[in-house]
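Structure assessment
If you want the building blocks of each chain, they are given just below.
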Amino acid sequence: MELTETDYNILKAIQSGRVESGTSPSHFVDYCDNEIGGDPRPLITEGYINADRFINGLTDKGTQAILDYEKNHSK
C-alpha cells in the first residue's frame, strides 16, 4: 500500500497524540472523516494502526511508513 498525503495525516494524528490511545475505532473513523477527510480503516486492515477494541497507537509498520514517507517527500 502506497501512502497518500491523507493516509500520512491519519498516521501523524496518532503519532502526534491528537488521537489518543483508547479512542474507539468508530470515533476515530468519525474524527478522520470530519478533520482529515479520509478513512483510516484501510490503514487498520493493512496493519499500520494497532486497533482492536480501541486505537492503541501505530504498529512498527505504521511508524516505518511515516519515516519512509517523510524521507521520500523531503526531496
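One structure accompanies this document, and this report is about it. Note that this is a predicted model, so its numbers are computed, not measured.

Here's the deal with the packing of helix H1 (residues 5-15) against helix H2 (residues 25-36)
Contact pair H1 / H2: the axes reach a minimum separation of 11 Å and the direction vectors enclose 125°. The orientation of H1 relative to H2 falls into the category oblique. Along this stretch, H1 crosses H2, giving a crossing that reads as right-handed. Contact with H1, carried on its side by Thr6, Asn9, Ile10, Ala13 and Ile14, involves Phe28, Tyr31, Cys32 and Ile36 of H2 and no other residues of that element. Considering only residue class, the contact of H1 with H2 consists of seven nonpolar, two polar and no charged.

What to know about the environment of Ser24
The residue Ser24 is located in the loop between H1 and H2 in this model. Along the chain, Ser24 and Ala51 lie 27 residues apart, while their C-alpha atoms are 8.6 Å from each other. Contact partners of Ser24, with chain neighbours within four places excluded, come to Arg53, Phe54 and Ile55.

A word on the nonpolar core
Core analysis: the biggest nonpolar cluster contains 17 residues, and Ile10, Leu11, Phe28, Leu43 and Ile49 have the highest contact counts within it. For this core, the secondary-structure elements that each account for two or more residues are H1, H2 and helix H4 (60-73). For this core, the element with the most residues is H1, which contributes five residues. Once residues lying within four places of it in the same chain are set aside, the contact partners of Ile49 are Ile10, Leu11, Ile14, Phe28, Pro40, Leu43, Ile44, Ile55, Gly57, Leu58 and Thr59.

Description of the packing of aromatic side chains
Under the criterion given, the structure shown has one aromatic pair. Measuring from ring centre to ring centre gives 4.6 Å for Tyr8 and Tyr69, while their planes differ by 20°; the resulting arrangement is stacked. Of this pair, Tyr8 sits in helix H1 while Tyr69 is found in helix H4, placing the two residues 61 residues apart along the sequence. Relative accessible area serves as the criterion here: at 9%, Tyr69 is assigned to the buried category. A cation sits over an aromatic face here: Lys61 above Tyr48, 4.8 Å from the ring centre.

The rules behind each value
- Residues numbered from 1 in each chain as written.
- Predicted model: local features only at pLDDT ≥ 70, side-chain atom pairs only at ≥ 80, totals over all residues.
- Heavy atoms only, no water.
- Axes fitted to C-alpha atoms, helices over the stretch in contact; angles between N-to-C directions.
- Helix = DSSP H or I, 4+ residues; strand = E, 2+ residues; numbered from the N terminus.
- Parallel < 35°, antiparallel > 145°, perpendicular 65-115°, else oblique.
- Left-handed = near helix turned anticlockwise from the far one by under 90°.
- Contact = heavy atoms within 4.5 Å.
- Nonpolar A, V, L, I, M, F, W, Y, C, P; charged D, E, K, R; others polar.
- Core = buried A, V, L, I, M, F, W, Y, C linked by side-chain atoms within 4.5 Å.
- Buried < 20%, exposed > 50% of the residue type's maximum accessible area, 1.4 Å probe, protein only.
- Phe/Tyr/Trp six-rings, centres within 6.5 Å; stacked < 30°, edge-to-face > 60°.
- Lys NZ or Arg CZ within 6 Å of the ring centre and 35° of its normal.

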